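Secondary and tertiary structure notes
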Amino acid sequence: MQQSPYLATHQFSLLPLPDLLRHEMLYGLQQTDAWIRALEPHRIRNLVRDLSGADTLLAEDTGPGRLASAHAGAVRTLQRLRTAVRSGFEEFSGQPLTEPDVLDLRTIGLRTTAGGAPRRMPGTADLRPIHQPWLRDLIRHWAITSTPRTEVFSNTLRAVTIASRTLAQRPGQGLDPAALHFTDASVIVDAFRVALRRDGSLYRSSQRRTLVGCFIQLIDYGRRSGQLNTLAGAFTRHPVEHRIRIEETDEDGIGKAVPETVIRQLDTHLDTLGLGEVQGRRGLPPADRQLLYQTAYILLRDTGRRPLEIAALPHHCLETTHGQTSLIWNNHKRHRHRRRLPITESTAQAIRTWQARRPHLPLPATNDAYLFPALSSYSSASHLNANYISETLRAWVDSLPALHAEGVDASGNPLPFDRTLIYPYAFRHSYAQRRNPRGRPAGTDGPPLHRHDPALLPGLPQTQTCGRRHPQHPRRRPPRPARPQHHYQLRTALSRRPLRGMHRTQ
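These remarks concern the structure in this document. (Residues numbered from 1 in each chain as written. Predicted model: local features only at pLDDT ≥ 70, side-chain atom pairs only at ≥ 80, totals over all residues. Heavy atoms only, no water.)

A look at the pairing of strand β6 (residues 404–408)
Of the pairings in the sheet, the one linking β6 to strand β7 (residues 414–416) comprises two bridges and is antiparallel in character. Counted as the bridge partner of V408 is P414 from β7. Turn length for the β6-β7 hairpin, with the two strands adjacent in sequence and antiparallel, is five residues, and the turn residue G412 shows positive phi of about 85°. (Pairing = 2+ DSSP bridges. Helix = DSSP H or I, 4+ residues; strand = E, 2+ residues; numbered from the N terminus.)

Regarding the nonpolar core
By size, the foremost hydrophobic cluster in this structure holds 46 residues, and its most contacted members are L266, Y297, F372 and L384. Only α8 (260–268), α9 (286–303), α10 (307–311), β4 (324–331), α11 (345–357), α12 (386–399) and α13 (426–435) provide two or more residues apiece to this core. With seven residues, the single largest contributor to this core is α9. Residues in contact with L384, not counting those within four places in the same chain, are L292, Y293, A311, F372, P373, A374, L375 and I389. By size, the runner-up hydrophobic cluster in this structure holds 38 residues, among which are L127, W142, V160 and L180. (Core = buried A, V, L, I, M, F, W, Y, C linked by side-chain atoms within 4.5 Å. Buried < 20%, exposed > 50% of the residue type's maximum accessible area, 1.4 Å probe, protein only. Contact = heavy atoms within 4.5 Å.)

Digging into the pattern of salt bridges
Considering all chains together, one arrives at 18 salt bridges under this definition. Ionic pairing is found between R66 and D61, a salt bridge with its closest N-O pair at 4.0 Å. Judged by relative accessible area, which is 27%, R66 ranks as partly exposed. A relative accessible area of 45% means that D61 is categorised as partly exposed. (Salt bridge = Lys/Arg side-chain N within 4 Å of Asp/Glu carboxyl O.)

Digging into the packing of α9 against α13
Axis separation between α9 and α13 bottoms out at 7 Å; the angle between their running directions is 40°. Put simply, α9 runs oblique to α13. Residues Y297, L300, R301, D302 and T303 of α9 form the contact with α13, whose participating residues are F427, Y431 and R434. The residue makeup of the contact of α9 with α13, split by class, is four nonpolar, one polar and three charged. (Axes fitted to C-alpha atoms, helices over the stretch in contact; angles between N-to-C directions. Parallel < 35°, antiparallel > 145°, perpendicular 65-115°, else oblique. Nonpolar A, V, L, I, M, F, W, Y, C, P; charged D, E, K, R; others polar.)

Here we look at the packing of helix α5 (residues 150–167) against helix α7 (residues 205–225)
Axis separation between α5 and α7 bottoms out at 8 Å; the angle between their running directions is 85°. The angle between α5 and α7 places the two elements in the roughly perpendicular class. Contacts from N155, T156, R158, A159, V160, I162 and A163 of α5 reach α7 at Q207, T210, L211, C214, F215 and L218. Looking at the contact of α5 with α7, its residues break down into eight nonpolar, four polar and one charged.

Some remarks on a positive patch on the surface
On the surface, a cluster of positive charge is made up of R209, R237, R243 and R245. Relative to the elements of secondary structure, R209 occurs in helix α7. (Patch = residues over 30% accessible without salt bridge, like charges linked within 9 Å, V, L, I, M, F, W, Y side chains within 5 Å. Areas by Shrake-Rupley, 256 points an atom, 1.4 Å probe, with all protein chains shown as cover. Lys, Arg positive; Asp, Glu negative; His and termini not counted. Charge placed at Lys NZ, Arg CZ, Asp CG, Glu CD.)

A look at empty space enclosed by the protein
For the structure on display, the rule yields two cavities of 30 Å³ or more. One number sums up the size of the largest cavity: a volume of about 50 Å³. Forming the walls of the largest cavity are L273, Y293, A296, Y297, L300, I389, T392 and L393. Secondary-structure elements contributing two or more residues to the lining of the largest cavity are α9 and α12. Top contributing element to the lining of the largest cavity by residue count: α9, with four residues. (1 Å grid on protein atoms, 1.4 Å probe; cavity = no way out; pocket = protein on both sides within 12 Å on 5 of 7 lines; lining within 4 Å. Points joined across faces, edges and corners; volume = space filled by probe spheres on them.)

Regarding the environment of D190
Relative to the elements of secondary structure, D190 occurs in helix α6 (residues 182–193). Distance in space between the C-alpha atoms of D190 and T166 is 9.5 Å, their sequence separation being 24 residues. In this structure the side chain of D190 is engaged in a polar contact, spanning 2.6 Å, whose partner is the side chain of R193. (Polar contact = N/O pair within 3.5 Å; in protein donor to acceptor, adjacent residues only side chain to side chain.)

Concerning the sheet that holds strand β3 (residues 318–321)
Reading across the sheet, the three strands line up as β3-β4-β5 and stay open at both edges, with antiparallel pairing between neighbours. Since the sheet does not close on itself, it has two edges, and those belong to β3 and β5 (336–342), each with one partner. Within this sheet the neighbouring strands show an average axis-to-axis angle of 35°, counted without direction. Where β4 meets β5, five bridges bridge the pair, whose relative direction is antiparallel. Bridging across to β5, N331 finds its partner in R336. Where α11 meets the sheet, its contacts fall on β3 and β4, and the angle it forms with β3 comes to roughly 135°.

Next comes the structure, spelled out in structure tokens:
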């Protein structure tokens, strides 16, 4: 052990540690550097001081109890390092140090839902609720070898849990894969048809269909990879009987729009948005986080764009032509980029206010391309997570003193408005009703922003978007010239008779 040299604020040294522990710390830092984007040197200096008398990170005495300060940041840093070292030891020696049925989602190589980059967010998956060992081994082998996306893994684990619970109620409890039959597969599909969420509500038909597909794909993977060589061939899916039909949904969003009276009540409390429990980087000043979410709310309210389209707006998203300011946005759903939407001057001013504050934020340079940067070092994308907008909006709406709906009760008191109906996508329906392009009555709902619509606010000029016309008003084409009439000489019945007679004689 050597004495560490003089260190500046942004430096740390591993020299005071024993040789084995020093190499483990270096390996752990290399691995965690790929998980997170921020490295805190003062945390590492404190860990070196607290672990100076330890031998290895694999020992039980190097847990959080050894730290002089039980700060949450120091505990997380130590846990990340120990996780990386344990995973490296297991991969090198083949000896599991932890419960094999508890998977670390970050170390097994899961990919993020957006982009497919390696997962940075910590998390574990407990396979012990899966009753059948063969099914538990199958999903573990699939997760480690296929490195699926996080969303696909979550759906597959949920589907396997439902199937395992269903097989446990069958004769033999599904423990022997060779004893399964076609009826067992039918019972599992019937269980997916009535699958419930954690809150007790029924899954949407599309989600139930996704769960069935994930389970069948896992079984097919097991057969292809040789993991299910003993599985009975009769345990298979019928393409017709085991199909879950998609139920018709309300595509027009009737009744989903936030009423204008409720939006005006929300605007009166706009100064409180971003206070209290807010999703985001801890190092970001509270005033900046508040301005960020207030700007995101104004864009949701005034533009009717989807939450992801707001979260991923480019840094320079304003364009002024002939005195009219337009918002430049990307349609991620249809893969159409740099769309232009005319906006009001008040909305443009709110964006300019945030753009003026944006360069002064303590953020990595990789986030400069977006108007709203990522607020977490674990984020797979460089822009704001759309779920952060939803969670912050939900916390803000729940904290408001009162929200009244239109009308009064029998006693003349204002009716309370259901706050669960206020979510980011509901402002898209409100924008579509507010726009009311063809003079429809106030209570008539039209399609929620057709992709070819110019999507204009009241009072804005009737301009076209990217040169496309509305499908209800196509470009009139000149009529086609009439084709010349060709006269063909037809053979008469008299001329065909000798031919028929000739064939008969032969």
